[in-house]
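# Observations on the model geometry
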Amino acid sequence: MADTWQAAAATVAVRECAPGPIATLRLRRPSADDLARIAALIGTALPTVPNRIADGAVRVVWIGPDEWLIIGDTAPNATIEAAATDAAAALCVSVGDGRCIFEATGPDAAELLAKATSIDLHPAVFTEAMSAMTLFAQVNAIVDRPPGLDGFRLIFDVSVRDYLCRWFGDAVVEFG
Amino acid sequence: MLQISCPWCGPRDEIEFRCGGQSHVIRPGPPEEVDDATWGRYLSEKINPRGDHLERWLHAAGCRRWFNVARDTATHRIRAVYHMVEAAPAIGDEGSAR
Ligand SMILES: [Zn+2]
């Protein structure tokens, strides 16, 4: 991505990242067999506990009782849809090009994010196995902690990217 | 601001939700047998209690599910949250429900 954006202070840094492949998957009351077939196909189980992620060949984020976000390269959407029975009415849609991603890292990353969300992001509460679909700085966001990242990833609609660059640029100032 | 505990996602700020008004309102039917006065009451006449009230709320910015909230309209105290398919909980004076 040519116009990648970043801002840094002494104890926290924010940078924009290329979204890469992201898809949403909806399943209407899937059976255990539906879930197992899709898990085998994408190499990752679908988490059924709210606010949890599952890591395998891809990362799968719980965003609703019948909806997941699949982050990473998988089989074609139509192949995933075909892996579920008609009763589950699977819908798999690529959304990566409509998203923008920011990573907030450093010792004050949770402090920075606390300016925009009341979700408890303390590492003892918001563990690496967790995610949240929520409002962040008044706009819709999905927050998670990718493995190996010293901080948080936030996924937004690309239409609010410029607003978030301004928001993060202002928010990091107080951290030196 | 209220903090509401979505039965799926857990506690979130009130601004993530939309209130859908009185819950447990039974839709009359079958439609061809329902007269205009009955439809009018179904669509427009809602209770307006001071105190415990059972309401539908939508977690618009999270899981996007409807669920029920038992809320005291005078104090905003939330006595219970429960799924759409669940019956209204019994709410005692001490608010012993979830
Ligand atoms: Zn929710």
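Every residue gets a number counted from 1 within its own chain, in the order that chain's sequence is written. Here the convention is simple: chains get letters from A, ligands get numbers from 1, in the order in which they are written. Local features are withheld for residues below a pLDDT of 70 in this predicted model, meaning they are given only at 70 or higher, and side-chain atom pairs are given and counted only at 80 or more; totals for whole chains, interfaces and linings count all residues. For side-chain calculations, the full set of non-hydrogen atoms in the structure is used, while hydrogens and water are omitted.

Within an unreviewed UniProt entry, the label attached to chain B reads Sarcosine oxidase subunit delta, and the organism entered is Rhizorhabdus histidinilytica.

As annotated in an unreviewed UniProt entry, chain A carries the name Sarcosine oxidase subunit gamma and is attributed to Rhizorhabdus histidinilytica.

### Some remarks on the overall build of chain A
We count it as follows: Under the DSSP-based scheme used, a helix requires at least four consecutive residues in state H or I and a strand at least two consecutive residues in state E, with every element numbered from the N terminus. The globule rule is 2.2 Å times the number of residues to the power 0.38, and the radius of gyration it is compared with is taken over C-alpha atoms. To sort residues, take the accessible area from a 1.4 Å probe on protein chains only and compare it with the maximum for the residue type: under 20% means buried, over 50% means exposed, and anything in between is partly exposed. Here, two residues are considered to be in contact whenever any of their heavy atoms come within 4.5 Å of each other. Computed with the Shrake-Rupley method and a 1.4 Å probe, the accessible areas treat only the protein chains shown as cover for residues. Note that His is not counted, nor are the chain ends; the positive residues are Lys and Arg, and the negative ones are Asp and Glu. Taken as the charge location is NZ of Lys, CZ of Arg, CG of Asp or CD of Glu.
For chain A, the helix and strand inventory stands at 4 helices and 11 strands. The C-alpha radius of gyration computed for chain A amounts to 17 Å, which stays within 12% of the reference 16 Å derived for 176 residues, consistent with globular compactness. By its C-alpha atoms, chain A is 55 × 35 × 25 Å across when sized along the principal axes. Evaluated residue by residue, chain A yields a buried proportion of 52% over its 176 residues. Within chain A, contacts between residues at least 6 apart in sequence are counted, and of these 60% link residues at least 24 apart. Taken as a whole, chain A presents about 8000 Å² of accessible surface, with 53% of it coming from carbon and sulfur. Taking the 13 positively charged and 22 negatively charged side chains of chain A as two groups, their mean positions are separated by 4 Å.

### Regarding the nonpolar core
Short version of the rule: Joining through side-chain atoms within 4.5 Å is the link that ties buried Ala, Val, Leu, Ile, Met, Phe, Trp, Tyr and Cys residues into a set, and such a set is a nonpolar core.
Phe102(A), Leu112(A), Phe136(A), Phe156(A) and Phe168(A) are the most contacted members of the largest nonpolar core, which has 33 residues in total. Breaking this core down by element, the ones donating at least two residues are strand E8 (99–105), helix H3 (109–114), strand E9 (131–136), strand E10 (139–144), strand E11 (151–157) and helix H4 (161–171) of chain A. With 5 residues, the single largest contributor to this core is H4(A). Those residues within four positions of Phe136(A) in sequence are excluded, and the remaining contacts are Leu113(A), Ala116(A), Thr117(A), Ala141(A), Leu154(A), Phe156(A), Leu164(A), Trp167(A) and Phe168(A). Residues Ala23(A), Ile38(A), Ala90(A) and Val69(B) belong to the second largest nonpolar core, which totals 28 residues.

### Observations regarding empty space enclosed by the protein
Residues and elements named next belong to chain A. Rule in force here: In this analysis, the protein atoms alone were mapped onto a 1 Å grid. Cavities are point sets where a 1.4 Å probe fits without being able to get out; pockets are open sets with protein on both sides within 12 Å along at least five of seven lines; lining residues have an atom within 4 Å of a point. Grid points are joined across faces, edges and corners, and a volume is the space filled by probe spheres set on the points. Throughout this entry, Asp, Glu, Lys and Arg are counted as charged residues, while Ala, Val, Leu, Ile, Met, Phe, Trp, Tyr, Cys and Pro are counted as nonpolar. The remaining residues, Gly among them, count as polar.
By the definition in use, this model includes 1 cavity of 30 Å³ or more. Quantified by volume, the largest cavity comes out at close to 30 Å³. Taken together, Leu113, Thr117, Ile119, Leu121, Phe126, Ala132, Thr134, Phe136, Val143 and Leu154 make up the lining of the largest cavity. The dominant element in the lining of the largest cavity, judged by the number of residues it contributes, is E9, at 3 residues. Across the lining of the largest cavity, the residue classes break down as 8 nonpolar, 2 polar and no charged.

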